[in-house]
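Single-letter residue listing:
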Amino acid sequence: MPGHIPRTDGGDDALTAEQIAELADAYERREPFDLVEREHTQTLPKAFAAGDFGRRDAEWVVQWYYRRGDVDDAERRAAEERFLDNDYETMVDGLQSAAEATAFDERLGALTSLTGVDVPVASAFLAYTHPDECVAIGEREWTALHEAGELDEPYPADVTAADYKRYLDAVRAVADRTDHDLWTVYRALWRRGD
């Protein structure tokens, strides 16, 4: 089964600790969401786990996911509207269940049971329910890993749970190899994909 390719060769395209640090620094200087992302990784995990959040807090994650990339405005608005179709109590139950769950499949299942939440959007929620363990998946970050030889396939047309797991394994491997946390690697991948 194709998947994550652990890099140990230090090849020219390998992601190094220095490169990760430089790209993450560039992210901090250039990306408008950096400060709010940092704040939300501190506040949202506790709020989601306690079920102590409003609709706007959850909606922010969906908006963040779509607005950080190159998604067509009509597509973005439609995705945000689909998420708002969730009944408030159902949304709280889904997010709280994902925040409290310890197993990857349970977390993902709780989120993808919500209207408008596919695996990529669920990954964004996991980045804010479990920021020490998860980061969001997107074509830009995946492609950066693929081009660095960390993933052996291009970004899939329809991202599955298995795809997201492979992506997380690759991000974790880079984080371990370069002695950086997952969010630092995520930020570096975002900039590398620019």
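Residues numbered from 1 in each chain as written. Predicted model: local features only at pLDDT ≥ 70, side-chain atom pairs only at ≥ 80, totals over all residues. Heavy atoms only, no water.

Participant: Go over the overall build of the protein with me, naming the residues and quoting the values.
Facilitator: Check the secondary structure of the protein and you find ten helices and zero strands. Overall, the protein shows an N-to-C arrangement of helices and strands of α-α-α-α-α-α-α-α-α-α. Taken over C-alpha atoms, the radius of gyration comes to 16 Å for the protein, in line with the 16 Å a tight globule of 194 residues would show. Summarising its shape, the C-alpha atoms of the protein cover approximately 50 × 40 × 35 Å along the three principal directions. Within the protein, the fraction of its 194 residues that count as buried is 49%. Contacts in the protein between residues at least 24 apart in sequence constitute 71% of all its contacts with a sequence separation of at least 6. Looking at the protein as shown, the accessible area adds up to about 9,300 Å², and 45% of this sits on carbon and sulfur atoms. In the protein, the 21 positive side-chain charges and the 43 negative ones have mean positions that sit 3 Å from each other. (Helix = DSSP H or I, 4+ residues; strand = E, 2+ residues; numbered from the N terminus. Rg over C-alpha atoms; globule rule 2.2 N^0.38 Å. Buried < 20%, exposed > 50% of the residue type's maximum accessible area, 1.4 Å probe, protein only. Contact = heavy atoms within 4.5 Å. Areas by Shrake-Rupley, 256 points an atom, 1.4 Å probe, with all protein chains shown as cover. Lys, Arg positive; Asp, Glu negative; His and termini not counted. Charge placed at Lys NZ, Arg CZ, Asp CG, Glu CD.)

Participant: Any chance you could break down the packing of aromatic side chains for me, citing the residues and the numbers?
Facilitator: Following the criterion strictly, the structure yields 15 aromatic pairs and no others. Ring centres of Phe-48 and Phe-53 lie 4.8 Å apart, and the angle between their planes is 90°; on these two criteria the pair is classed as edge-to-face. Take Phe-53: its relative accessible area is 5%, and that puts it in the buried class. With centroids separated by 6.3 Å and ring planes inclined at 20°, the aromatic side chains of Trp-60 and Trp-64 adopt a geometry described as stacked. In this pair, Trp-60 and Trp-64 both sit in helix 3 (residues 55-67), four residues apart, roughly one turn of the helix. With respect to class, Trp-60 is no different from Trp-64; both count as buried. An aromatic cluster of three or more residues is present, and its members are Trp-60, Trp-64, Tyr-128, Trp-183 and Tyr-186. Above the ring of Trp-64, the side-chain terminus of Arg-68 is found at 4.9 Å from the ring centroid. Taking the ring centre of Trp-190 as reference, the NZ or CZ of Arg-140 above it sits at 3.9 Å. (Phe/Tyr/Trp six-rings, centres within 6.5 Å; stacked < 30°, edge-to-face > 60°. Lys NZ or Arg CZ within 6 Å of the ring centre and 35° of its normal.)

Participant: Tell me about the packing of helix 2 (residues 34-50) against helix 5 (residues 88-100), residues and numbers included.
Facilitator: Taken N-terminus to C-terminus, the directions of helix 2 and helix 5 make an angle of 110°; their axes are 7 Å apart at the nearest point. Between helix 2 and helix 5, the angle is such that the two are roughly perpendicular. Crossing hand, helix 2 versus helix 5: left-handed. Taken together, the residues of helix 5 that come into contact with helix 2 (itself represented by Phe-48, Ala-49 and Ala-50) are Leu-95, Gln-96, Ala-99 and Glu-100. Residues of the contact of helix 2 with helix 5, tallied by class, amount to five nonpolar, one polar and one charged. (Axes fitted to C-alpha atoms, helices over the stretch in contact; angles between N-to-C directions. Parallel < 35°, antiparallel > 145°, perpendicular 65-115°, else oblique. Left-handed = near helix turned anticlockwise from the far one by under 90°. Nonpolar A, V, L, I, M, F, W, Y, C, P; charged D, E, K, R; others polar.)

Participant: Outline the environment of Arg-29, supporting the account with residue identities and numerical values.
Facilitator: Here Arg-29 lies in helix 1 (residues 17-30). Classification of Arg-29 as exposed rests on a relative accessible area of 59%.

Participant: Account for the pattern of salt bridges, with residues named and values stated.
Facilitator: Tallied over the entire structure, the rule returns 14 salt bridges. Where Asp-34 meets Arg-187, a salt bridge forms, and the shortest distance between an N and an O atom there is 3.3 Å. Residue Asp-34 is found in helix 2, and its partner Arg-187 is found in helix 10 (residues 182-192); the two are separated by 153 residues along the sequence. For the pair Asp-34 and Arg-187, one class covers both residues: buried. Through salt bridges with shared partners, one network takes in Arg-67, Asp-73, Arg-76, Arg-77 and Glu-80. (Salt bridge = Lys/Arg side-chain N within 4 Å of Asp/Glu carboxyl O.)

Participant: Help me get a handle on the environment of Leu-95, residues and values and all.
Facilitator: Positionally, Leu-95 belongs in helix 5. A relative accessible area of 0% places Leu-95 in the buried class. Along the primary structure Leu-95 and Ala-49 are separated by 46 residues, whereas in three dimensions their C-alpha atoms are 7.6 Å apart. Sequence-distant contacts of Leu-95, that is, excluding residues within four places in its chain, are made with Phe-48, Phe-53, Ala-58, Leu-111, Phe-125 and Thr-129.

Participant: Give a detailed account of helix 1, specifying residues and quantitative values.
Facilitator: Between its terminal C-alpha atoms helix 1 stretches 20 Å, which fits the 20 Å expected from 14 residues at 1.5 Å a residue. Summarising the contacts, the buried residues of helix 1 are in contact with helix 2, helix 9 (161-178) and helix 10. (Expected span 1.5 Å × (residues − 1).)

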